[in-house]
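As a plain string of letters, each chain reads:
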Amino acid sequence: MKVKINESCIGCGMCVTICPNVFKMSDEGVAIVSVENPTNFETEINEAKNSCPVQVIEVTE
Ligand code: F3S
């Protein structure tokens, strides 16, 4: 499982609130993925993905 955040993130912080084990805010104020293999957090990742207001979280197998 791979998680990517595309460059249109507006930094709302929702994904970090929902799944702090995987997402964190960068110094630039956008979300980044902080773990290499996030498979254990699939449920939270999908919740974050669905909650992102600009739908920029991409999850691939
Ligand atoms: Fe950015 Fe969406 Fe997270 S806007 S901070 S990727 S919820």
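Described in the following lines is the structure provided in the data block. (Residues numbered from 1 in each chain as written. Predicted model: local features only at pLDDT ≥ 70, side-chain atom pairs only at ≥ 80, totals over all residues. Heavy atoms only, no water.)

In this section: empty space enclosed by the protein. Per the counting criterion, the structure on display carries 1 cavity of 30 Å³ or more. Counted as a void, the largest cavity has a volume near 80 Å³. Cys 9, Cys 12, Cys 15, Cys 52 and Val 56 are, among the 13 residues lining the largest cavity, the residues nearest its centre. Grouping the constituent residues of the lining of the largest cavity by class yields 11 nonpolar, 2 polar and no charged. (1 Å grid on protein atoms, 1.4 Å probe; cavity = no way out; pocket = protein on both sides within 12 Å on 5 of 7 lines; lining within 4 Å. Points joined across faces, edges and corners; volume = space filled by probe spheres on them. Nonpolar A, V, L, I, M, F, W, Y, C, P; charged D, E, K, R; others polar.)

A word on the nonpolar core. The biggest cluster of nonpolar side chains holds 13 residues, and the ones touching the most others in it are Ile 5, Cys 15, Phe 23, Ile 45 and Ile 57. Going through the elements one at a time, β1 (2-5) and α2 (42-51) are the ones with two or more residues in this core. (Core = buried A, V, L, I, M, F, W, Y, C linked by side-chain atoms within 4.5 Å. Buried < 20%, exposed > 50% of the residue type's maximum accessible area, 1.4 Å probe, protein only. Helix = DSSP H or I, 4+ residues; strand = E, 2+ residues; numbered from the N terminus.)

Glancing now at the pairing of β1. Because side chains alternate across β1, one face comprises the buried residues Val 3 and Ile 5, and the other comprises Lys 2 and Lys 4, none of which is buried. Sheet topology places β1 next to strand β4 (residues 57-60); 4 bridges connect them, and they run antiparallel. Bridged to Lys 4 within β4 is Glu 58. (Pairing = 2+ DSSP bridges.)

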